[in-house]
Amino acid sequence: CSSDLFFDDDIAARIIGATPVIAQRKEPPYSARLREQEIVLFLIANKRNPVKWIALDDDPRLFRPGHENLLLVDPKTGFDEVTEAELRRRLKENL
């Protein structure tokens, strides 16, 4: 799995796949909640709905405002130590 390149084994083992890509505009404005819709489609297609999930993304516009499952990543730093710590906290607390 390509996630093995980016995450420690304990986190990589929890990654279940990648979302489908819904055709979208290449420039803003994007469709509202597009990534959230892609995640829901993935969960339904893979018979994993309902399930607890966490999305790592650097664009909050692709989710409902304040979405509790979104872990926002700073696009300038990417998946850094701060983001890793927050992901581990959420996994321990919620999943």
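Residues numbered from 1 in each chain as written. Predicted model: local features only at pLDDT ≥ 70, side-chain atom pairs only at ≥ 80, totals over all residues. Heavy atoms only, no water.

**Details of unusual backbone geometry**
Part 1 of the argument: Of note, the phi angle at K47 is positive, near 50 degrees, even though the residue is not glycine.
Part 2 of the argument: With respect to the element layout, K47 can be found in the loop between helix 2 (34–45) and strand 1 (55–57).
Part 3 of the argument: Residue K47 is classed as exposed on the basis of its relative accessible area, which comes to 77%. (Helix = DSSP H or I, 4+ residues; strand = E, 2+ residues; numbered from the N terminus. Buried < 20%, exposed > 50% of the residue type's maximum accessible area, 1.4 Å probe, protein only.)

**A word on the pattern of salt bridges**
Part 1 of the argument: Taken as a whole and judged by the stated rule, the model has twelve salt bridges.
Part 2 of the argument: For R35, the salt bridge is made with E38, and the minimal N-O distance between the two is 2.9 Å. Here the residue R35 and the residue E38 both occupy positions in helix 2, the gap between them amounting to three residues, near one helical turn.
Part 3 of the argument: Residues D59 and R61 are paired through a salt bridge, measuring 2.8 Å at the closest nitrogen-oxygen approach.
Part 4 of the argument: For R61, a relative accessible area of 47% gives the class partly exposed.
Part 5 of the argument: Counted as one network, the salt bridges with shared partners bring together D8, D10, E84 and R88. (Salt bridge = Lys/Arg side-chain N within 4 Å of Asp/Glu carboxyl O.)

**Thoughts on the environment of L91**
Part 1 of the argument: One can find L91 in helix 3 (residues 81–94).
Part 2 of the argument: What makes L91 buried here is its relative accessible area of 10%.
Part 3 of the argument: With 38 residues separating them along the chain, L91 and W53 place their C-alpha atoms 9.2 Å apart.
Part 4 of the argument: Sequence-distant contacts of L91, defined by excluding residues within four places in its chain, comprise I11, R14 and I54. (Contact = heavy atoms within 4.5 Å.)

**Side note on the confidence of the model for the chain**
Part 1 of the argument: Across the chain, the average pLDDT comes to 81, with 79% of residues at 70 or higher.
Part 2 of the argument: The least confident element of the chain is helix 1 (residues 9–12), whose mean pLDDT is 80; the most confident is strand 2 (residues 70–72), at 95. (pLDDT = per-residue confidence, 0-100.)

**With respect to the nonpolar core**
Side chains of nonpolar character tend, in soluble globular proteins, to be buried together.
Part 1 of the argument: Within the largest apolar cluster, nine residues are counted, these being L34, I39, F42, L43, W53, A55, L62, F63 and L70.
Part 2 of the argument: In contact with A55, other than residues within four places in its own chain, are I39, F63, N69, L70 and L71.
Part 3 of the argument: Residues F7, L71, L87 and L91 belong to the second largest nonpolar core, which totals six residues. (Core = buried A, V, L, I, M, F, W, Y, C linked by side-chain atoms within 4.5 Å.)

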